[in-house]
Amino acid sequence: MVAIIITIIWGLLRARGVAVELRQTGHGGERWAWGALKERMGFRQSAATLAMGRHTVLLLLLAFLTLREVIPVPLALRALSNLHRSASFTSRPAVPTKYTVHYLQQKVDHFGFTTDKTFKQRYLLADEHWKKDDGSILFYTGNEGDIVWFCNNTDSRYLNYLTSEQALADFAVLIKYLKRTIPGAKNQPVIALGGSYGGMLAAWFRMKYPHMVVGALAASAPIWHFGNLVPCGVFMKIVTEDFRKSGPNCSETIHNSWGAITRLARTGSGLHWLSEALHLCTPLRNSQDVQHLKGWISETWINLAMVDYPYESNFLQPLPAWPIKVVCKYLNNPSLSDAQLLENIFQALNIYYNYSGQARCLNISETTTSNLGTQGWSYQACTEMVMPFCTNGIDDMFEPRSWNFREYSDDCFKQWGVRPRPTWITTVYGGRNISSHSNIVFSNGELDPWSGGGVTKDITDTLVAITIPEGAHHLDLRARNAFDPTTVLLARSLEVRHMKQWIRDFYASQRKKH
């Protein structure tokens, strides 16, 4: 098995990059796996081991967005950004890869003609195992995230170009450049793949640039979480269901905790008691701090739902296997006194924030180990990525909160000077009307709250949905693990089957032309 891995790193406007890893396995014929895409950033996202019948080129596009201070982005959107932001640049990669660093001068604006501004797009090329004949290209479309140099070198005047459309155009220009400049790549098929926001980009790239990619794998891609395509409460309902199934009375205990916090906060020494009982790094001082505390706790439960993996992981924080089950061991009695209930809430939070035992206190200003990533995503959420979220406290375990677009728009204008366009994404990419497209696999884990906005049923024979009953957020894109459920192994096998078919179809078409 042979492969080139190219990691594309955005510059100045639309991203930054990370190291990419590659490994080969020797059983069952030629196989390869790309692993630990973000291990150097404190994540461990990687793809399944893919059995491909041809030599493979892997192009990894990592699209990252970061700028400055954030507005109150909905908790679910902020949690999405948490999945792709830097935690550490010192983590040891799971799989070593040799690569070289290259740059491409990209246009800042692909769609206008009044500016010739450019930025350097960096990409990493690993070609140790690649052969030029009969190869194929896997093009990883990246996610939102952060980078220090990005923050230091971004001019706020260029925020207008921070869009998914510009990102897709970057991908197209880059693929043309690589096919033109890498001998042997010109006549090879390209497959886009990505997870989360990157999965959305992969699907949209296939839709908008079908001449560039022969197919796409869109893992955990909530392309329908816009407008009224899905109920605004579906995300939090799935989070709640994860906790309900993971322990008796778990979701009920969390539901009752909000009232307990409110009642304790109203007592004379309540704020001090809460600060001590929850081991907060900064004491609570007023009602605004209490609301912030509740938001921080809510975001913690959301993060746990997204990374409820069947083995120990270090994706957002060091966590045990099936972390929600571990957390729910402390949340099995909703009828306790307010004080006892909150003491148990602390024990549960401590699993997420202090599983390593190194934290001396809990910092409610952070839910992951970095504080950068939501900033650029905040801008996109205030322009085109407008995803409605709401809770009612009945179908979910959270306090009621309606979706108020006017308030949301006003917050965006205060922070960025822009007004969101709630129907733009469905206008550009079609919403549910995508049956005219082809060769896209949408994979979703039933544990993943983002599956509520994803494609979970086949649309056509070539727009296929794969559901993973025991899967959290893009579990299928993570490295193979001995504790992987059978359902994710099957999902990966199906994904590979579709990819191999796309490659066969491509070369069959090429032979007919000649």
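Scoring rules and cut-offs
- Residues numbered from 1 in each chain as written.
- Predicted model: local features only at pLDDT ≥ 70, side-chain atom pairs only at ≥ 80, totals over all residues.
- Heavy atoms only, no water.
- Disulfide = S-S within 2.5 Å.
- Helix = DSSP H or I, 4+ residues; strand = E, 2+ residues; numbered from the N terminus.
- Phe/Tyr/Trp six-rings, centres within 6.5 Å; stacked < 30°, edge-to-face > 60°.
- Buried < 20%, exposed > 50% of the residue type's maximum accessible area, 1.4 Å probe, protein only.
- Lys NZ or Arg CZ within 6 Å of the ring centre and 35° of its normal.

1. A word on the state of the cysteines
So, step 1. What the rule picks out here adds up to four disulfides.
So, step 2. Shown here is the disulfide that connects cysteine 281 with cysteine 361, its sulfur atoms set 2.0 Å apart. Torsion about the S-S bond of the cysteine 281 and cysteine 361 cystine: about 100°, corresponding to right-handed handedness. Within this pair, whereas cysteine 281 is found in the loop between α7 (270-277) and α8 (287-306), its partner cysteine 361 is found in the loop between α10 (338-354) and α11 (374-381), the two being separated by 80 residues in sequence.

2. Here's the deal with the packing of aromatic side chains
Aromatic ring pairs: the centre-centre distance and the angle between the two ring planes describe each pair.
So, step 1. Considering all chains together, one arrives at 18 aromatic pairs under this definition.
So, step 2. With a centroid separation of 5.6 Å and an interplanar angle of 85°, the aromatic rings of phenylalanine 171 and phenylalanine 205 are classed as edge-to-face. On the criterion of sequence distance, the pair formed by phenylalanine 171 in helix α3 (residues 164-181) and phenylalanine 205 in helix α4 (residues 197-208) is long-range, its members being 34 residues apart.
So, step 3. Seen from their ring centres, phenylalanine 243 and tryptophan 301 are 5.7 Å apart, and the 70° between their planes marks the pair as edge-to-face. Placement of the pair is phenylalanine 243 in helix α5 (residues 234-246) and tryptophan 301 in helix α8, with a sequence separation of 58 residues. The two residues phenylalanine 243 and tryptophan 301 agree in class, both being buried.
So, step 4. The rings of Phe139, Phe171, Phe205 and Tyr209 are connected pair by pair, giving a single aromatic cluster.
So, step 5. The ring of tyrosine 309 has arginine 478 sitting right over it, with the charged end atom 4.3 Å from the ring centre.
So, step 6. The ring of phenylalanine 315 has arginine 478 lying over it, and the distance from NZ or CZ to the ring centre is 5.4 Å.

Geometric values such as these leave the question of function open.
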